[in-house]
Amino acid sequence: MQNTLKALGLKEINDGCSTGKNWFANGEILESYSPVDGKLIGKIKTATKADYQKAISAASDAFKYWKTIPAPKRGEYVRQFGDKLRAKKAELGKLVSYEMGKSYQEGLGEVQEMIDICDFAVGLSRQLYGLQLHSERPNHRMMEQWHPLGIVGIISAFNFPVAVWAWNTTLAWICGDVCIWKPSEKTPLCSIACQHIWNEVAKENNLPEGISCLVNGDYKIGEYLTEDTHVALISATGSTRMGKLVGAKVAERFGKSILELGGNNAIIITENADLDTTLVGAVFGAVGTAGQRCTTTRRLIIHENIYTKVKDSLVKAYGQLKIGDPLDEKNHVGPLIDKDAVKGYMSALERVITEGGKIIVPGGVLEGKGYESGCYVKPAIAEAKNEMAIVQHETFAPILYLMKYKTLEEAIDMQNGVPQGLSSAIMTLNMREAELFLSASGSDCGIANVNIGTSGAEIGGAFGGEKETGGGRESGSDAWKAYMRRQTNTLNWGNTLPLAQGIKFDLG
Ligand code: NAD
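Residues numbered from 1 in each chain as written. Predicted model: local features only at pLDDT ≥ 70, side-chain atom pairs only at ≥ 80, totals over all residues. Heavy atoms only, no water.

(A) The pattern of salt bridges, seen in detail. In total, this model carries 27 salt bridges according to the counting rule given. The partner of Lys343 in a salt bridge is Asp340, with the nearest N and O atoms 3.8 Å apart. Pair noted here: Lys343 and Asp340 are both in helix α12 (residues 339-354), with a separation of 3 residues, about one helical turn. Each member of the pair Lys343 and Asp340 is classed as exposed. (Salt bridge = Lys/Arg side-chain N within 4 Å of Asp/Glu carboxyl O. Helix = DSSP H or I, 4+ residues; strand = E, 2+ residues; numbered from the N terminus. Buried < 20%, exposed > 50% of the residue type's maximum accessible area, 1.4 Å probe, protein only.)

Right under this line is the structure:
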């Protein structure tokens, strides 16, 4: 691991703040322990209020410059950033896996997502198009154009420690915005590694500081960003609890926000499902990243006629899962992020029983050789009712709830009958069932899939969810519009001044 850390520019003690050129930080020390083996990976000096203000001031200055650079030229810097990520994919993927605990394959996948969004942003830098409209007045031209917003504050969660930042920052950069990143206090080293990579691009191109800033610290740094009128847009990814606070604070000062919050995702398995692919989709969705994806499959809503068959094959599949070091590719399930997450998992399992559910694949914390960090838990399955309070709540751990249905309408009501609205899926080979699920009377989620699971979105589509998931959209499609402001322009090239709506104003 030491070589990996070195290759990514990480030291024993790291300054947690950077404006893209210099590193600094004068706050408390944060220690980053790996959930994989419980070892200390490195120390990080966090930001003080003064450090934060240094970043804001650099970003404010940089915006004056960056917004004047043609968008395709900004795209060229993003292309170079993507190339550097390609060169560092193995190292960064390994660090993601070691600091966060997801499998090495998923760590690599996360870096690949960064590379993909760079490619997307490069192309988009030539496509930030507005509309040309017909004016009702003669010799007038009307159009809409898009301008950058200013400073974008990015608050990110631990479970996607690098990709979510890249989703936001690459789009924001090509749109002409400058960014300040407040990463999760649980994965600070990943953020420092990413910033080093950007700093190289900035240095090689002689770019000013402030285009991409990093401020490490806990929720208080997030609050500075949220309350700061210098920050035009806050893109916050994390729990619904956090999103409620952030959304209200930003709205109070008329700032813009993109909220990407918790999910409670279900797969409906109909009588017409291909059960082989269903099993893979459901198990990967439920136990991948140890149940710590916002799109993790938490509920299976199964037709009563195939319920027992599906249940039996799930129990068998769970019996074959290998739990252990996520850097060892034979393991399917790695650790939870920390011991607090383990406590949350254990108390959720207790609540399943007290609220009337039935555990059919028991959970528990693993102990002994290889499990010294105390963060490894067994993926569990419970039979439960959709209306149970614990089922309505997102427990960020591998607990899967099974429930039965009779009619598809009832199944869709159950799927939609939770406060969250991120991802959903139906497994069916019947066209009518699939189309109903995708129709306005179907899933109410931001993502609705057919014959694939709930997790594993591609960057080309807009990503995000409804209801308590926050309503934000990031990544592909026209999500870029959230990082810009729209301006309507009307231009009169005639020699009279006709007024709209035919209003007469004659000066005689
Ligand atoms: P969290 O809410 O605890 O923390 C997320 C970030 O918010 C951290 O950087 C944290 O420091 C910051 N924060 C916390 N309180 C804040 C406040 N009052 N003001 C400003 N910032 C504050 O979430 P987590 O445990 O890191 O991540 C797990 C959660 O994130 C899950 O609910 C998961 O579903 C969600 N998530 C959602 C998406 C999505 O795209 N919808 C993606 C990834 C994760």
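Okay, back to it.
(B) Focus on the packing of aromatic side chains. Counted according to the given criterion, the structure contains 13 aromatic pairs. Summarising the aromatic geometry, the rings of Trp146 and Trp480 are spaced 5.4 Å apart at their centres and angled 70 degrees between planes, so their arrangement reads as edge-to-face. Placement of the pair is Trp146 in strand β7 (residues 140-148) and Trp480 in the loop between β23 (474-475) and β24 (484-492), with a sequence separation of 334 residues. Members of the aromatic cluster, each reached through a chain of ring pairs, are Phe81, Trp165, Trp173, Trp181 and Trp198. Above the face of the Tyr224 ring, Lys49 is positioned so that its terminal group lies 4.7 Å from the ring centre. Between Lys54 and the ring centre of Phe24, over which it is positioned, the NZ or CZ distance is 4.2 Å. (Phe/Tyr/Trp six-rings, centres within 6.5 Å; stacked < 30°, edge-to-face > 60°. Lys NZ or Arg CZ within 6 Å of the ring centre and 35° of its normal.)

(C) The pairing of strand β19 (residues 423-427), seen in detail. Across the 5 residues of β19, 5 count as buried, placing the element largely inside the fold. Burial along β19 is two-sided: the residues Ser423, Ala425 and Met427 and Ser424 and Ile426 are all buried. Sheet topology places strand β13 (residues 265-269) next to β19; 4 bridges connect them, and they run parallel. Looking at β19, one finds that Ile269 is bridged to Met427. Across 4 bridges, β19 lies against strand β20 (residues 447-450) in parallel orientation. Bridge pairing in β20 places Ala425 opposite Asn449. Since β19 and β20 lie parallel, the crossover through helix α15 (residues 431-438) that links them has a hand, and here it is right-handed. (Pairing = 2+ DSSP bridges. Right-handed = clockwise from strand over helix to strand, strands pointing away.)

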